[in-house]
Amino acid sequence: MPGPRKKTRERERVAELYSKLIAAPLVKFPAKGLEAPMQQGVYVIYSPKGEVLHVGSTPSGLLGIWQRLKNHLHRASSFTKVHLNNNGAILRTGYSFRCLIVANHRMRALLEH
């Protein structure tokens, strides 16, 4: 079981990553294609009004954040099925995302939570 100092450092690291994530550039889903990091990380999807719709991470997948966002665009995610009525293409109509590369699996999970 980790000691209190380790937990405090971990909390501080997650807070630092969160600050970086919310400061990351906001990118609109393009009409065609997609540019996003092909590394593991965490991402946030926003409605056209700027509301947070989904926070996700890349627990697996060789092509990282790019692959997960493509999955959402192409109806290959529960988020798309449940919240977008199985219409991932709607993301190309003013929705946006921001993301942060996070190599450590535990840090990705904590930041996503």
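Up top you'll find the structure we're talking about.
Analysis parameters
Residues numbered from 1 in each chain as written. Predicted model: local features only at pLDDT ≥ 70, side-chain atom pairs only at ≥ 80, totals over all residues. Heavy atoms only, no water. Helix = DSSP H or I, 4+ residues; strand = E, 2+ residues; numbered from the N terminus. Contact = heavy atoms within 4.5 Å. Phe/Tyr/Trp six-rings, centres within 6.5 Å; stacked < 30°, edge-to-face > 60°. Buried < 20%, exposed > 50% of the residue type's maximum accessible area, 1.4 Å probe, protein only. Pairing = 2+ DSSP bridges. Axes fitted to C-alpha atoms, helices over the stretch in contact; angles between N-to-C directions.

## Some remarks on the environment of Gln67
Okay, so step 1: For Gln67, the location among the structural elements is in helix α2 (residues 64-73).
Okay, so step 2: In this view, Gln67 contacts Gly61 and Leu62; residues no more than four positions away in its chain are not counted.

## Details of the packing of aromatic side chains
Okay, so step 1: Counted by the stated rule, this structure contains one aromatic pair.
Okay, so step 2: On the numbers, 5.0 Å between centres and 55° between planes, the contact of Phe29 with Phe97 is tilted. Pair noted here: Phe29 is in the loop between β1 (27-28) and β2 (41-46) and Phe97 is in strand β4 (residues 96-101), with a separation of 68 residues, a long-range link.
Okay, so step 3: Residue Phe97 is classed as buried on the basis of its relative accessible area, which comes to 1%.

## Focus on the sheet that holds β4
Okay, so step 1: Strand order across the open sheet formed by four strands is β1-β4-β2-β3, with antiparallel pairing between neighbours. Edge positions in the sheet fall to β1 and β3 (52-57), since each has one partner strand and no second.
Okay, so step 2: The pairing of β1 with β4 spans two bridges and is classified as antiparallel. Residue pairing in the sheet places Val27 in a bridge with Phe97 of β4.
Okay, so step 3: The strands touched by α2 within the sheet are β2, β3 and β4, with β2 carrying the most contacts at an inclination of about 30°.

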